[in-house]
Amino acid sequence: KVVQSEASSKGDQIETNELRIQLVAPRRAIVSFGNNNYTIITSNIKKLWEETRKVLTPYFQGEPEIIPTTNEKYRESSRLKSIELEFGENISSVLVASVFDKVDSKLASDIRAIKKIVIPTANKGVIYVVGAEDKVYEVKLNNYEENKQLNTYVDSLQERNQVKYYPLFADVDNYTLMPLSYQKPTPLVFVESEINIENEAIVMDRVKSFFNENLDFVKTINETSGAVIFMYGYGEKGVRINNIGRIEYTQEIGADFSSNVVAALDVAINFVENHGGFPEGTYLQEIKHEDKKGYYFGFGYRIEELPVLFNNPNIGHPIEIEIYGNKVKSYHSFIRKNMMLPDVIANSYTELPQKIIEDNILMLMEDYLLDTKGNQQLVDKELLSFIEKNISEIELVYYDTMEDTRRQLLIPTWKIKINKRVYYFNSYDGELLHSSLVK
């Protein structure tokens, strides 16, 4: 019996390690084919992560030389034939190093967090890493083995019909990439909440897992909003499921605190796996070390290769979990799943973000002045230049407007960040769905 349980716990650990490797993957990658010719990859990240890990292993496992360098040097390298991996927010380098079985890696001890890594395909034993506060490092191996695999992989990507991107505002020192054309049809997708609050059997089945399958000492409260609360004892532990099917779990945890981010993430992974699991395409989007005592992990996920975002300021990420010691203080999950109805292909092509910006330029100028409490006397030409310089993010996402509670039609949407504000525009007709100031 003991042997069996040891074997199963070993199996569980292998499974947790495998999941960690998948979750700590980059959220997207920018592939440079050279000559200002780029594409952005969000689909099949798993394959890309496998290919790039082969090249990165000696940097994490070996004793590379780590030298602070400039943003110019980094940009120069990302312009050459290369792959740039973009990770979530505040992703600890120890966590990335754990993927390479080397948590005490020299790279992780010298660079605290990893935002981006550029791997030139020429592979001359040098990669570039962007760490916390956008500090740039050159990471150099003295004995490296030439590896042509990455070059071959990038060539194979170029042969496929990729959307081409270009730094359209490079003349004003803004290297944010814009698509030159977007011929790829992106469907509208019907989704529904994973938990239907009206289906008592589904709700009870999901809730039981939080109370060791026993609801004898659990009090049920029905709110007028349609939400249901399940409370254990005197509130030591509680689960609330709201009318749209979002789970909110909280537990009193005492004075526990976590110092090891890898152990904390493993606790989070096991907990989520035992309470509904991760949807396909999940990735680690953000980490916070809360008051230096616990860890907050925020996970995003993709449907049809695009990230899913919600119009709700209370939902930071689809899955959010706080770990203190080896205990879960809170866990929130709101997942929409594809209803497997036929996707709706819109009659029109995806509008280009630069055209949407052009069509809405007057509104963008007004917002810019308002948000920056700017000088009203600025001439339009100057304002236009400010806006061009401050476009920092362009991404195609599925934006859940949350107008309907249980079922929703997701619209492919351009997320455009300009200075302090983020906009969501319907990618088919350019209509503004939402805009808000970034926290």
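Caption draft 1: Inspection of the sheet that holds strand β13 (residues 237–241) at higher detail. In spatial order, the strands read β11-β12-β13-β14-β20-β19-β16-β15; together these eight strands make up an open sheet with antiparallel pairing. Each end of this open sheet is capped by a strand with a single partner; those strands are β11 (218–222) and β15 (283–290). The sheet shows a mean angle of 15° between the axes of neighbouring strands, direction not considered.

Caption draft 2: Structural view of unusual backbone geometry. In the Ramachandran plot, D101 falls in the positive-phi region, its phi being about 55° despite a non-glycine side chain. Inspection of the secondary structure puts D101 in the loop between α4 (93–99) and α5 (106–110). Phi at M402 takes a positive value of approximately 60°, unusual for a residue other than glycine. Its place among the elements puts M402 in the loop between β22 (391–400) and β23 (407–418). We classify M402 as buried; its relative accessible area is 17%.

Caption draft 3: Main features of the layout of surface pockets. In this structure, the second largest pocket encloses a volume near 810 Å³. Considering the residues around the second largest pocket, the lining is formed by 32 residues, among which P279, E280, G281, T282 and R302 are closest to the centre. Sorting the residues of the lining of the second largest pocket by element identifies α1 (2–23), α2 (45–61), β17 (302–303) and β21 (336–338) as the ones contributing at least two each.

Caption draft 4: Up close: the pairing of strand β20 (residues 327–333). Both strand β14 (residues 247–251) and β20 contribute to a ladder of four bridges, which runs antiparallel. Residue pairing across strands places E248 opposite H332, the latter belonging to β20. Between strand β19 (residues 319–324) and β20, which pair antiparallel and follow one another directly, the connecting turn spans two residues, one of which, G325, has a positive phi of 65°.

Caption draft 5: Structural context of the environment of N260. Among the secondary structure elements, N260 is positioned in the loop between β14 and α8 (261–274). Here N260 falls in the partly exposed class, since its relative accessible area comes to 41%. A distance of 2.9 Å separates a polar atom in the side chain of N260 from the backbone nitrogen of V262.

Caption draft 6: Inspection of the nonpolar core at higher detail. Grouped together as the largest cluster of nonpolar side chains are 114 residues, with contacts concentrated most on F297, I321 and Y331. Residue contributions to this core peak at eight residues, all from α8. If sequence neighbours within four positions are ignored, I321 has contacts with A268, F271, V272, Y295, Y296, F297, F299, V328, S330 and Y331. Membership of the second largest hydrophobic core comes to six residues, among which are Y74, V118, V126 and Y128.

Caption draft 7: Local environment of the environment of E65. Secondary-structure assignment places E65 in strand β3 (residues 65–69). You can call E65 partly exposed: its relative accessible area is 38%.

Caption draft 8: Examining the pattern of salt bridges more closely. Across all of its chains, the model carries 22 salt bridges by this definition. Among the ionic pairs, K106 bridges to D110, the shortest N-O distance being 3.3 Å. Within this pair, K106 and its partner D110 are both found in helix α5, separated by four residues, close to a single helical turn. Linking R240 and E223 is a salt bridge whose minimum nitrogen-to-oxygen distance equals 2.8 Å. Taken together, the residues R240 in strand β13 and E223 in the loop between β11 and β12 (228–232) connect sequence positions 17 residues apart. For R240, a relative accessible area of 23% gives the class partly exposed.

Caption draft 9: Seen up close, α2. Along its 17 residues, α2 runs 22 Å from first to last C-alpha, staying within 8% of the 24 Å computed at 1.5 Å per residue. The largest bend along α2 measures about 45° and falls at V55, with the proline P58 one to four residues further on. Taken residue by residue, α2 has I45, L48, W49, E51, T52, V55, L56, Y59 and F60 as its buried positions.

Caption draft 10: Quick peek at the packing of aromatic side chains. All chains considered together, the criterion is met by 16 aromatic pairs. Geometrically, the ring pair formed by Y182 and W414 is edge-to-face, given 5.8 Å between the ring centres and 90° between the ring planes. Here Y182, found in the loop between β9 (178–179) and β10 (189–193), pairs with W414, found in strand β23; they are 232 residues apart in sequence, far enough to count as distant. Across the pair, W414 and Y182 agree in class, each one buried. Seen in terms of ring centroids, Y368 and F386 are 5.9 Å apart; in terms of plane orientation they differ by 20°. Their pairing is stacked. On the criterion of sequence distance, the pair formed by Y368 in helix α10 (residues 361–371) and F386 in helix α11 (residues 380–389) is long-range, its members being 18 residues apart. A relative accessible area of 11% places Y368 in the buried class. An aromatic cluster of at least three residues, connected via ring pairs, comprises W49, F60, F87 and F100. Taking the ring centre of Y296 as reference, the NZ or CZ of K288 above it sits at 4.6 Å.

Caption draft 11: Highlighting the environment of I319. Looking at the element boundaries, I319 is found in strand β19. Of the residues examined, I319 reaches a relative accessible area of 1% and is grouped as buried. As a C-alpha pair, I319 and V191 span 128 residues in sequence and 17 Å in three-dimensional space. Excluding residues within four positions of it along the chain, I319 makes contact with V272, F278, P279, F297, G298, F299, Y331, H332, S333 and I335.

Caption draft 12: Broad picture of the packing of α10 against α11. α11 packs onto α10 with a crossing angle of 85° between their chain directions and a minimal axis gap of 10 Å. Overall, the two elements α10 and α11 adopt an arrangement that is roughly perpendicular. From α10, I361, L364, M365, Y368 and L369 reach across to α11, where they touch D380, L383, L384, F386 and I387. Across the contact of α10 with α11, the residue classes break down as nine nonpolar, no polar and one charged.

About the thresholds
- Residues numbered from 1 in each chain as written.
- Predicted model: local features only at pLDDT ≥ 70, side-chain atom pairs only at ≥ 80, totals over all residues.
- Heavy atoms only, no water.
- Pairing = 2+ DSSP bridges.
- Helix = DSSP H or I, 4+ residues; strand = E, 2+ residues; numbered from the N terminus.
- Axes fitted to C-alpha atoms, helices over the stretch in contact; angles between N-to-C directions.
- Buried < 20%, exposed > 50% of the residue type's maximum accessible area, 1.4 Å probe, protein only.
- 1 Å grid on protein atoms, 1.4 Å probe; cavity = no way out; pocket = protein on both sides within 12 Å on 5 of 7 lines; lining within 4 Å.
- Points joined across faces, edges and corners; volume = space filled by probe spheres on them.
- Polar contact = N/O pair within 3.5 Å; in protein donor to acceptor, adjacent residues only side chain to side chain.
- Core = buried A, V, L, I, M, F, W, Y, C linked by side-chain atoms within 4.5 Å.
- Contact = heavy atoms within 4.5 Å.
- Salt bridge = Lys/Arg side-chain N within 4 Å of Asp/Glu carboxyl O.
- Expected span 1.5 Å × (residues − 1).
- Bend = angle between axes of the 7 residues up to and from the residue.
- Phe/Tyr/Trp six-rings, centres within 6.5 Å; stacked < 30°, edge-to-face > 60°.
- Lys NZ or Arg CZ within 6 Å of the ring centre and 35° of its normal.
- Parallel < 35°, antiparallel > 145°, perpendicular 65-115°, else oblique.
- Nonpolar A, V, L, I, M, F, W, Y, C, P; charged D, E, K, R; others polar.

Bear in mind that shape data such as this cannot, by itself, settle questions of function.
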